[in-house]
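Residues per chain are reported as follows:
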Amino acid sequence: VLNKYTVIHIKHICKYNLKEVLNKMKKYEILMDKENTIEWNGRVLHRIKALKDFGTVKKDDIGGYIEKEYNLSHDGDCWIYDGAKAMDSSRMYDDSRMYDESVMYDNSKMYGDSRMYDYSIMYDYSEMHNMSKMHDNSVMYDNSKMYGDSELNNSDKLYGKLVSKVDNFIEMQNPRGKLVTCVKK
């Protein structure tokens, strides 16, 4: 736990300032220059660059886009590849990975060994974890959750829970006329 006494001690012993010590623990930097910055739906996003080797990422690899450091943890092997984008209060950690042109925003979360590919999108308070995967043009929203070995593909839309890729989902209207997603067993 860092407190002001620990910080003073670290400065004294290491003869580094705290910013240098903390920067040595980071796995990526945000590239703020104009050629690595884009605007996407009114948000300014920046590419990331690996500062060290981890997982399948090598030092100096250029990654996808984030809006701020909060979007991608410095812990674990999580990474954003290609033109994938994370923004707002979305968060990736553990060994989660985004590829291609996948997008996460609002308060969505990815952790465990979850993966996003192609043009998949997650938003609102959606969460992916364990070995879950999204690809093609699939979409997660609302308070949806994917875990286990679940998988969304084609143009699937999830706004409930998906536990396993063997589940079959159907859409039904409840008595009030609201469209709901159900598991067909």
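Note: the structure precedes this text.
Residue numbers run consecutively from 1 along every chain, following the written order of its sequence. With the structure being a predicted model, the display of local features is reserved for residues of pLDDT at least 70 and the display and counting of side-chain atom pairs for 80 or more, all residues being used for whole-chain, interface and lining totals. Here the side-chain values reflect all heavy atoms present in the structure, with hydrogen atoms and water set aside.

1. What to know about the overall build of the protein chain
What counts is decided by this rule: Note on conventions: DSSP H or I runs of at least 4 residues are helices, E runs of at least 2 residues are strands, and numbering of each starts at the N terminus. Per-residue and other accessible areas were derived by the Shrake-Rupley procedure at a 1.4 Å probe size, with only the shown protein chains allowed to occlude residues.
Counting its secondary structure elements, the protein chain contains two helices and 21 strands. Within the structure as shown, the protein chain displays about 10,700 Å² of accessible surface, and the carbon and sulfur contribution to it stands at 50%.

2. Quick word on the pairing of strand β4 (residues 62–66)
Defined as follows: Any residue under 20% of the maximum accessible area for its type is buried, any over 50% is exposed, and the rest in between are partly exposed; the area is computed with a 1.4 Å probe on protein chains only. Strand pairing is assigned whenever DSSP detects at least two bridges linking the two strands.
Of all five residues in β4, four are buried, a share of seventy percent or more. Note: strand β3 (residues 43–50) against β4, three bridges, orientation antiparallel. If you follow histidine 46 over to β4, its bridge partner there is isoleucine 66. For β4 and strand β6 (residues 85–86), the ladder comprises two bridges, and the chain directions are parallel. Bridging across to β6, tyrosine 65 finds its partner in lysine 85.

3. Overview of the sheet that holds strand β5 (residues 79–80)
The strands making up a sheet associate through hydrogen bonds between their backbones, and the pairing can be parallel or antiparallel. Spatially, β5-β8-β11-β14-β17 is the arrangement adopted by the five strands of the open sheet, whose pairing is parallel. For this open sheet the edge positions go to β5 and β17 (151–152), each flanked by a neighbour on one side alone. Sheet topology note: the β5/strand β8 (residues 97–98) ladder contains two bridges and is parallel. Counterpart to tryptophan 79 in the pairing with β8 is arginine 97.

4. Observations concerning the packing of aromatic side chains
Put simply, the test is: Any two of the Phe, Tyr and Trp rings considered here, Trp counted by its six-membered ring, make a pair once their centres fall within 6.5 Å; the pair's planes then place it as stacked at under 30 degrees, edge-to-face at over 60, or tilted in between. A ring has a charge above it when a Lys NZ or an Arg CZ is no more than 6 Å from the ring centre and no more than 35 degrees off the ring normal.
On inspection of all chains with the given rule, the structure shows eight aromatic pairs. With centroids separated by 5.0 Å and ring planes inclined at 5°, the aromatic side chains of tyrosine 99 and tyrosine 117 adopt a geometry described as stacked. Here the residue tyrosine 99 occupies a position in the loop between β8 and β9 (103–104), and tyrosine 117 occupies one in the loop between β11 (115–116) and β12 (121–122), the gap between them amounting to 18 residues. An aromatic cluster is built from Trp40, Tyr105, Tyr123 and Tyr141, whose rings are joined through pairwise contacts. The ring of tyrosine 70 has arginine 91 sitting right over it, with the charged end atom 4.9 Å from the ring centre.

5. What to know about unusual backbone geometry
In this model, aspartate 100 sits at a positive phi of 55°, which is unusual for a non-glycine residue. Along the chain, aspartate 100 turns up in the loop between β8 and β9. By relative accessible area, which is 29% here, aspartate 100 ends up partly exposed.

6. Brief notes about the sheet that holds strand β7 (residues 91–92)
Strand order across the open sheet formed by five strands is β7-β10-β13-β16-β19, with parallel pairing between neighbours. Edge positions in the open sheet fall to β7 and β19 (161–162), since each of these has one partner strand only. Alignment of strand β10 (residues 109–110) against strand β13 (residues 127–128), held across two bridges, turns out to be parallel. Bridge pairing in β13 links lysine 109 to glutamate 127.

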